[in-house]
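Coordinates in review
So the chains spell out like this:
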Amino acid sequence: MKPGQTAQIWKSAAQFVFGCVVLALVTAACFFLQIGLPATAFCYLVVILLFALMDSFLASGLLTLLAVAALDFFSAPPLFDFRISDPQDRLVIAPFLFACLIGSGLIQQARSERRPGRLKPSPKSSDADLREAMKQWQQVFEHNPVMYFMVDPAGTVVNVNTFGAAQLGYTAAELIGQSVLGVFFEEDRDFVRRCVALCLGTVGQSHTWEIRKVRKDGSVLWVRENAKAMLQSDGKQIVLVACENITERKEAENALRQSEAYLAQAQELSHTGSFGWKSTTGDITWSKETYRIFQCDEAEKPTIPFMLERIHPDDRLAVRRTTGRAMREGYDYDHEYRLVMPDGAVKYVRAVARATRDAGGNVEFVGSVSDITPAKEAERRLRESEQRFRDYAETASDWFWETGPDHRVTRVSEHPETAGMAPFWALGLTRWDIAPDAALQPEKWQQHRAALDAHAPFRDLVYRSKDRNGQPTYVRTSGKPFLDANGNFLGYRGVCTDVTAAIRAEQAEQALRKAQTELAHVTRVTTLGELTASIAHELNQPLAAVMANADACIGWLQRSPPDLKGARRSVEWIVEDCNRAGEVIRHVRALAKRTDIEMVPLDVNGVVREAVALVQREMATHAVSVRMELRSVLPNIIGDRIQLQQVLINLIMNGIEAMEGVVDRPRELVICSGPDENGSVLVSVTDRGVGISADAIDRLFTPFFTTKSGGLGMGLSICRSIVEAHGGRLSASPNPGCGATFQITLPLHREEAPS
C-alpha cells in the first residue's frame, strides 16, 4: 500500500471516529429533548453533509448507516428496539438514507472536480452538473415528509416544501412571499415574533417550541418546530424551520386531561380518592380527592408517618396489621378505619387496594379510599331508630302480628306483659275464625273482609276474643298491607291492643249514665210534686179565663139580634186559653216522662222563660220577685230542652228556699243571659239569701252533700252531670254581702259558633 493511501485511510478513520462522537452528542441531545424522529433526522443530515464537505465520502457513508441505526433504535417506536411499528416512520428513515447518500456523493463529486490535475470541465458541462445537483437537492427537499420553511428576518416565507404547504392546505406558491404569521392564530403571533427574534439573535443555535397553526380550511394543526438562523453567502440571515405534526399527540393529551378532569370530578362527587403505594420504597401518590379526605395540603408529600398520625389511635394497630400482611404476601386488601382531623372531627374511610408487581418483582398497590362517614352516620341513626322502636315494642302493652296472602295468622310477637293475651294458638287461623262475635255482627265482618280483599289498610277494628284461660276479652287492631319489591301482595302487618278494661269501663259508664238518667227522672218527678200548687195555679188561670169567655159568648149570643162578632172574639179567646193550658200540661208531661236525651239547637232565653213560668206560683207564695236580664240576640246552643229546664228549675227552687228566712231585705231572684269571654253562652241565677259558707263551697256538688235539713244532696250533683254532658260547666260562688250566684256555661251550636 502506498504511503498516500495509508494516510488517507487514517484520515478517514479519524473523521469517522470524530463523526461518531458528534452523532452520539446529537443523539443524546435529541433524545433528552424529545424533538421527534423528523427533527432528529434533519439534525443527522446536517452533521453528515458537514462531514462530506471534509472530503471523506467513506466516513460520510459509514456515518449515514450509523445514523439510520440510531434513528431506528432511539427515535422510532418502539424505543430501544430495531423494529419499526409505524409505517410512517419508514417513510422518514428511507428518504433520510437516500438524501444522505445522494448529498454526500454530490459533494464528493464536486470536490473531486475541483482538485488540481483534473481536467477543467467546460463551462457548459459545469452548469449542467450544477443544475443536476440542484434538481436532486430540490427533490430531496420537496419529498421529505417533514414540513420545511425558510423565513427571512421580516417574517416572509422565502421557501417551503410541497409537503409542508400541503399539510396546511396550501400550495407552495400560495405561501411563498407571504408573511409566515398568516398560518398562525392571532393570539399566538406575538409568541412567533419573539421566537424568530430569538433565532436571529443566536445564529447557528437550534430552538424548539410547540405551537398551533391554522390550516386553510380553519382547522387546527399542532406542530413541534425546530428552528435555526443561518447566514447566506451574501451575508443575509435566513431562518430554517423544520415542523413535526404533533396534532394526534396533542389531541391525546387533551383527551387525557379531560379524562383526568372527569375522573377528578367523579371522585369529588363520590367522595372517593385514588392512591398508589410502592411498598419497597414507601413512595405514596395521592389524587386530589385523597388529599381532601385526609385534609392535607397538596404541596406536601404523603408519607406513612403522616397517615398513621391521621388514623384514629384505636385503629392504627389494625391498619398496620392489614397493610403489613398485604405487603408481605402480595395480597389485595379491603378495610375500614377512622381518621381524626386537626379540628377533632372523626371521619370513617374505606380503603381498597389491588396488589401488582413491577418489572423487578416488587409489590405495588393501586387503590381507592372512600369517605364513608355519611353512610356510617346513616347506619348509626338506623341502629338507633331500630333500637328505639324495639324498646317501644318491648315496653308497650300491645303485640304485633302478621298474616299471609290468605289472611291467616303467620306470626305473633311474644311479650311478657301480654303472654296471656296474645293468641299464639291462633297461628294458621283467620281473624274471623278467632272472633266469637263474627256470627253476631256479620255486617261488620263483611266490611272488614272486603277491605282485606281490596288490600286496603284498616284501623281500630274492635272485636271479641278470648285469653288462654278462655275468658272473653276485647281487642282493637289495625293493619296495613305489605308488598314485595315487584308490588306483589304478601299479607298484612299490624298491632293489637287489649281494650277489655276500656270496653268494660265504657259499659260501666253507660250503666252509670242510665242510672243518672233514672235518678234525674225521679228528681224531676219529685220536683213536680213540690210544684203541684204552682202547676195548679198555672192551669187555673187559663181555665178561669175559658169559663169567663164562655159566659161572655153565651151573653153575646142571647142578645137580640145576637152579636156574632163579640161571640166570635170570645171563642177565639177561649182557644188561646186552651192552648195556654195545653202548653202547661205538655211541659209537665215532658218533665214527668222518661225519654231519651234529644240534643237539638235551642234558644236559651226561651228555655229560661219556660222554666220561670213553671215556678211562678212558688215565687208568689214565698214573696219572691224575679228579674230577668236576658240578652235579646243570642246564638243558639245545642242541648236537651227538658234536662236544661230541670237544671234551671232546681237552681231557681234552691234560690227561693235560700231566701225563705230573709226579712231584712227584698227577696229578689235575678236571672241573666249573655255571651261569655270564651265565645259560649252564660246563664246565671243570683239570689239574696243566706249565701254559701267557705266549708260548703268545695263539697257543694258532691253527691249526698246538702245544706237543707230535709234534702238528699243529689240535686246539684245531677245538675252538674247534666251540664257537663252538654259540654258545659256549672259553678257556684258567694256574692259580696249576701246570697249566691250559680253560673251555667253552655257551648254554641256548631253552625252558630264563630269561625
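Criteria and cut-off values
- All residue numbers refer to position in the chain's written sequence, counted from 1.
- Local features in this predicted model are restricted to residues of pLDDT 70 or higher, and side-chain atom pairs are both shown and tallied only at a pLDDT of 80 or more, whereas totals for entire chains, interfaces and linings draw on every residue.
- Each side-chain value is derived from all of the structure's non-hydrogen atoms; neither hydrogens nor water enter the calculation.
- Strands are runs of DSSP state E lasting at least 2 residues, helices are runs of H or I lasting at least 4, and numbering of each runs from the N terminus.
- Should any heavy atoms of two residues lie within 4.5 Å, those residues are counted as being in contact.
- The Shrake-Rupley method, run with a 1.4 Å probe, gives the accessible areas here. Residue values count only the displayed protein chains as cover.
- Here a cavity means grid points, on a 1 Å grid over the protein atoms only, where a 1.4 Å probe fits yet cannot get out; a pocket means an open set of points with protein on both sides within 12 Å along at least five of seven lines; lining residues are those with an atom within 4 Å of a point.
- Grid points are joined across faces, edges and corners, and a volume is the space filled by probe spheres set on the points.
- In short, DSSP must find at least two bridges between two strands for them to pair.
- Each axis is a line fitted through C-alpha atoms, and for a helix only the stretch in contact is used; angles between axes span 0 to 180 degrees, taken between their N-to-C directions.
- For this classification, under 35 degrees means roughly parallel, over 145 means roughly antiparallel, 65 to 115 means roughly perpendicular, and everything else is oblique.
- Should the near helix be turned anticlockwise from the far one by less than a right angle, the crossing is left-handed, and should it be turned clockwise, the crossing is right-handed.
- As a working rule, the residues Ala, Val, Leu, Ile, Met, Phe, Trp, Tyr, Cys and Pro are called nonpolar, Asp, Glu, Lys and Arg charged, and the rest polar, with Gly in that last group.
- Only buried Ala, Val, Leu, Ile, Met, Phe, Trp, Tyr and Cys residues count toward a nonpolar core, and they belong to the same one when joined by side-chain atoms within 4.5 Å.
- Think of it in three bands: with a 1.4 Å probe and only protein chains considered, a residue is buried below 20% of the maximum accessible area for its type, exposed above 50%, and partly exposed in between.
- Identification of polar contacts relies on pairs of N or O atoms within 3.5 Å, with a donor-acceptor requirement for protein atoms, meaning one able to donate a hydrogen and the other able to accept it, and with residues adjacent in sequence counted only if both atoms are side-chain atoms.
- Note on terminology: pairs of cysteine sulfur atoms within 2.5 Å are recorded as disulfides.
- Aromatic pairing here means that ring centres of Phe, Tyr or Trp (its six-membered ring) are within 6.5 Å. Orientation follows from the plane angle: under 30 degrees is stacked, over 60 is edge-to-face, and everything else is tilted.
- Sitting over a ring, as applied to charges here, requires NZ of Lys or CZ of Arg to be within 6 Å of the ring centre and within 35 degrees of the ring normal.
- Note on scores: pLDDT gives the predictor's confidence for each residue, bounded by 0 and 100.
- Salt bridge criterion: a side-chain nitrogen from Lys or Arg within 4 Å of a carboxyl oxygen from Asp or Glu.
- Here a helix's expected span is defined as the number of its residues, less one, multiplied by 1.5 Å.

1. Description of the overall build of the chain
A count of helices and strands for the chain gives 23 helices and 22 strands. The contacts in the chain between residues at least 6 apart in sequence include a share of 54% that link residues at least 24 apart. Taken as a whole, the chain presents about 43,600 Å² of accessible surface, with 56% of it coming from carbon and sulfur.

2. Brief notes about empty space enclosed by the protein
Summed over the entire model, instances satisfying the criterion amount to five cavities of 30 Å³ or more. By volume, the second largest cavity amounts to about 120 Å³. Lining the second largest cavity are 13 residues, with Val151, Val180, Val196, Glu225 and Val241 positioned closest to its centre. Among the secondary structure elements, those contributing two or more residues to the lining of the second largest cavity are strand 1 (147-151), helix 8 (189-201), strand 3 (206-214), strand 4 (220-231) and strand 5 (237-245).

3. Observations concerning the sheet that holds strand 9 (residues 346-357)
Here we have five strands laid out as an open sheet, ordered 7-6-10-9-8, and antiparallel in their pairing. The open sheet has two edge strands, strand 7 (284-286) and strand 8 (333-340), and neither has a second partner. When the angles between neighbouring strand axes are averaged without regard to direction, this sheet yields 25°. By the bridge criterion, seven bridges tie strand 6 (residues 272-278) to strand 10 (residues 363-371) in an arrangement that is antiparallel. Each bridged residue has a counterpart across the sheet, and for Gly276 the counterpart in strand 10 is Val366. Along the sheet, helix 12 (residues 316-329) makes contact with strand 6, strand 8 and strand 10, crossing strand 8 at roughly 145°.

4. With respect to the sheet that holds strand 14 (residues 472-483)
Spatially, the five strands line up as an open sheet ordered 12-11-15-14-13, and their pairing is antiparallel. The open sheet has two edge strands with one neighbour each: strand 12 (409-412) and strand 13 (458-466). Strand after strand, the sheet turns through a mean of 30° between neighbouring axes, direction not considered. The strands touched by helix 15 (residues 442-453) within the sheet are strand 13 and strand 15 (489-498), with strand 13 carrying the most contacts at an inclination of about 130°.

5. Regarding the packing of helix 19 (residues 604-614) against helix 21 (residues 641-658)
Closest axis-to-axis distance for the helix 19/helix 21 pair is 9 Å, and the angle between their directions is 55°. Accordingly, the angle class assigned to the pair helix 19 and helix 21 is oblique. As for how helix 19 packs across helix 21, the hand of that crossing is right-handed. In this structure, helix 19 uses Val607, Val608, Glu610, Ala611, Val612 and Leu614 to contact helix 21, whose residues at the interface are Arg641, Leu644, Gln645, Leu648, Ile649 and Ile652. Across the contact of helix 19 with helix 21, the residue classes tally to nine nonpolar, one polar and two charged.

6. Some thoughts on the nonpolar core
With 44 residues, the main nonpolar core has Leu648, Leu651, Phe742 and Ile744 as its most contacted residues. Put simply, the parts of the chain that give this core at least two residues each are helix 19, helix 21, strand 19 (668-675), strand 20 (681-686), helix 23 (715-725), strand 21 (729-734) and strand 22 (740-746). Not counting residues within four places of it along the chain, the set of residues in contact with Leu648 comprises Val607, Val608, Ala611, Val683, Val685 and Ile744. Within the second largest apolar cluster, 28 residues are counted, among which are Cys30, Leu63, Val92 and Phe96.

7. Comments concerning helix 19
Where burial is concerned, most of helix 19 is hidden: eight out of the 11 residues are buried. Residues Val604, Asn605, Val607, Val608, Glu610, Ala611, Val612 and Leu614 constitute the buried set of helix 19.

8. Quick look at the pairing of strand 1
The element strand 1 is extensively covered by neighbouring structure, given that four of its five residues are classed as buried. Pairing between strand 1 and strand 5: five bridges, direction antiparallel. Residue pairing in the sheet places Phe149 in a bridge with Val241 of strand 5. Relative to strand 2 (residues 157-160), strand 1 runs antiparallel, the two being bridged by three bridges. Pairing of Phe149 across the sheet is with Val160, part of strand 2.

9. Topic: the side chain of Asn735
Mapped onto the fold, Asn735 is located in the loop between strand 21 and strand 22. Of note is the side chain of Asn735, whose polar atom sits 3.4 Å from the backbone oxygen of Ala740. Apart from the residues lying within four places of it in its own chain, the contact partners of Asn735 are Thr686, Asp687, Ala740 and Thr741.

10. What about the state of the cysteines?
As enumerated under the stated definition, the model contains zero disulfides in all. With no disulfide of its own, Cys195 lies closest to Cys199 among cysteine sulfurs, the gap being 7.0 Å.

11. Describing the packing of aromatic side chains
One pass over the structure, following the stated rule, counts 10 aromatic pairs. Arranged with centres 5.4 Å apart and planes meeting at 45°, the rings of Phe42 and Tyr148 form a pair that is tilted. Here the residue Phe42 occupies a position in helix 2 (residues 37-52), and Tyr148 occupies one in strand 1, the gap between them amounting to 106 residues. Pairing Trp286 with Tyr291 gives two aromatic rings, centres 5.3 Å apart and planes at 80°, and the pair type is edge-to-face. Taken as a pair, Trp286 and Tyr291 share a single burial class, namely buried. The residue whose ring lies beneath Arg212 is Phe185, and the NZ or CZ to ring-centre distance is 4.4 Å. Just above the ring of Trp222 sits the side chain of Lys250; from NZ or CZ to the centre is 4.5 Å.

12. A closer look at the packing of helix 21 against helix 23
For the pair helix 21 and helix 23, the least separation of the axes is 10 Å and the interaxial angle reads 145°. For the pair helix 21 and helix 23, the sense of crossing is left-handed. Contact residues: helix 21 offers Gln643, Gln646, Val647, Asn650, Leu651 and Asn654, while helix 23 offers Gly715, Leu716, Ile718, Cys719, Ile722 and Val723. Grouping the amino acids of the contact of helix 21 with helix 23 by side-chain chemistry returns seven nonpolar, five polar and no charged.

13. Considering the side chain of Thr497
Within the fold, Thr497 resides in strand 15. Once residues lying within four places of it in the same chain are set aside, the contact partners of Thr497 are Asp398, Tyr474, Val475 and Arg476.

14. Considering the confidence of the model for the chain
Segments scoring low in pLDDT should not have their predicted coordinates read at a detailed level. Scored by pLDDT, the chain has a mean of 79; 80% of the residues are at 70 or more. Confidence drops under a pLDDT of 50 for residues 416-422, and excluding neighbours within four residues, the segment shows 14 contacts in the predicted structure.

15. With respect to the pattern of salt bridges
Evaluated as defined, the whole model comprises 27 salt bridges. Three or more residues joined by partner-sharing salt bridges are found here, namely Glu210, Arg224, Arg249, Lys250 and Glu253.

16. Quick notes on helix 12
Across its 14 residues, helix 12 extends 20 Å between first and last C-alpha, which sits within 8% of the 20 Å expected from 1.5 Å per residue. All buried positions along helix 12 are accounted for by Val319, Thr322, Thr323, Gly324 and Ala326. Packed against the buried residues of helix 12 are strand 6, strand 8 and strand 10. Gly330 sits one or two residues past helix 12 and shows a positive phi near 70°.

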